[in-house]
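Observations on the model geometry
For reference, the chains in residue letters:
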Amino acid sequence: MIFEEGGKQLMKSNLKKCSAVLSAIMLMILASPLTVLAAEEEAAASTKFYGTFWSLVPPIVAIALALITKEVYSSLFVGILVGALFYSGFNFEGTILHIFEGGMISVLTDSYNMGILIFLVILGTMVCLMNRAGGSAAFGRWASKRIKSRAGAELATVVLGVLIFIDDYFNCLTVGSVMRPVTDKHNVSRAKLAYLIDATAAPVCIIAPISSWAAAVSGFVEGEDGISLFVHAIPYNFYALLTIFMMVAMVLMKVEFGTMGVH
């Protein structure tokens, strides 16, 4: 009975985590700058707050509320509401129309934005399925038997991040959920784990010929072989190469700074 109740609680916890991930992804799209600023620039320029200090108030409100309340969703929505109020000149009807018709509806009817939304939802779904299927726990058990030190846990995080080079979003979601139990066991701070994940995801993806970054960058080149140019530019991508080198060096030399040093 005890194991059965524990299993039910774990399943409920996983369901909550999955729903939180999907909700965050949906809200990140709807609360993006495109949501509030989706109207044409000519219409925006007609407001008296356009190009003034007051245009900075909505993001300041959202960030301040997020830091104070620790509630990101509600803080973002309040920031959107403040921006819509300024845009409409504090007109109630104009505010509602701008939030829904000029913001959410216009974003969701744009094919490019819908592609991003579907892509992120699929990534979140894959991570949730992996967690529910026990893939993260299984890797954690496998790694816990073979990794014996903090440096080993950190290097395993880097290696796993390098192996998942298809997309940086998928990299962050997957490596974070898989390696968190392993790094927690070896007393690696969450700040250090976040640094390793972030410093691996984008740098690896922007130098991998088979990745979403390669497809996007090569698509901007007209009349040339985009993939060929992307590959030839890899040795000159100093940000990616130096970031990966610095990350490995920090792990081997046990360098901690900032929040990593505090924790």
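Look above for the structure.
Structure report, in brief. Because the structure is predicted, anything quoted here is derived from the model rather than measured.

Rules used in this analysis
Residues numbered from 1 in each chain as written. Predicted model: local features only at pLDDT ≥ 70, side-chain atom pairs only at ≥ 80, totals over all residues. Heavy atoms only, no water. Axes fitted to C-alpha atoms, helices over the stretch in contact; angles between N-to-C directions. Helix = DSSP H or I, 4+ residues; strand = E, 2+ residues; numbered from the N terminus. Parallel < 35°, antiparallel > 145°, perpendicular 65-115°, else oblique. Left-handed = near helix turned anticlockwise from the far one by under 90°. Contact = heavy atoms within 4.5 Å. Nonpolar A, V, L, I, M, F, W, Y, C, P; charged D, E, K, R; others polar. Patch = residues over 30% accessible without salt bridge, like charges linked within 9 Å, V, L, I, M, F, W, Y side chains within 5 Å. Areas by Shrake-Rupley, 256 points an atom, 1.4 Å probe, with all protein chains shown as cover. Salt bridge = Lys/Arg side-chain N within 4 Å of Asp/Glu carboxyl O. Lys, Arg positive; Asp, Glu negative; His and termini not counted. Charge placed at Lys NZ, Arg CZ, Asp CG, Glu CD. Buried < 20%, exposed > 50% of the residue type's maximum accessible area, 1.4 Å probe, protein only. Disulfide = S-S within 2.5 Å. Expected span 1.5 Å × (residues − 1). Bend = angle between axes of the 7 residues up to and from the residue.

This part covers the packing of helix H11 (residues 190–205) against helix H14 (residues 238–253). For the pair H11 and H14, interaxial distance at closest approach is 9 Å and the crossing angle is 150°. Accordingly, the angle class assigned to the pair H11 and H14 is roughly antiparallel. The two elements H11 and H14 cross, and the hand of that crossing is left-handed. Seen from H11, the contacting residues are Tyr-195, Leu-196, Ala-199, Thr-200, Pro-203 and Val-204; seen from H14, they are Tyr-239, Ala-240, Thr-243, Ile-244, Met-246, Met-247, Met-250 and Val-251. The residue makeup of the contact of H11 with H14, split by class, is 12 nonpolar, 2 polar and no charged.

Our next topic: a positive patch on the surface. A cluster of basic side chains, namely Arg-141, Lys-145, Arg-146, Lys-148 and Lys-185, defines a positive patch on the protein surface. Ranked by residues supplied to the positive patch, first place goes to helix H8 (residues 135–146) with 3 residues. With respect to the secondary-structure elements, Lys-148 resides in the loop between H8 and helix H9 (150–163). Lys-148 gets classed as exposed once you look at its relative accessible area, which sits at 65%.

What follows concerns the state of the cysteines. All chains considered together, the criterion is met by 0 disulfides. Here Cys-172 is not disulfide-linked; the sulfur of Cys-205 is the nearest cysteine sulfur, at 8.2 Å. Looking at Cys-172, the relative accessible area reads 31%, which means it is partly exposed. The buried category is assigned to Cys-205, whose relative accessible area is 0%.

A few words now on helix H10 (residues 168–185). Helical periodicity: at 3.6 residues per turn, an α-helix aligns residues three or four positions apart in one direction. In a regular helix each residue adds 1.5 Å, so 18 residues correspond to 26 Å; H10 covers 25 Å between its end C-alpha atoms and thus fits that length. Its axis deflected by about 45° at Met-179, H10 carries its strongest bend there, up to four residues before the proline Pro-181. Just downstream of H10 lies Asn-187, where phi reads positive at about 60°.

A word on unusual backbone geometry. In this model, Lys-70 sits at a positive phi of 65°, which is unusual for a non-glycine residue. By the secondary structure assignment, Lys-70 is in the loop between helix H4 (57–69) and helix H5 (72–87). Phi at Phe-90 is positive, roughly 65°, even though this residue is not glycine. Within the element layout of this structure, Phe-90 appears in the loop between H5 and helix H6 (92–108). For Phe-90, a relative accessible area of 49% gives the class partly exposed.

What follows deals with the packing of H9 against H14. Packing of H9 against H14 brings their axes to within 9 Å, and their N-to-C directions diverge by 165°. When the axes of H9 and H14 are compared, the pair comes out roughly antiparallel. Seen along the crossing, H9 lies across H14 with a hand that is left-handed. Mapping the contact onto sequence places Ala-151, Glu-154, Leu-155 and Val-158 in H9 and Met-247, Val-248, Val-251 and Leu-252 in H14. Counted by class, the contact of H9 with H14 contains 7 nonpolar, no polar and 1 charged residues.

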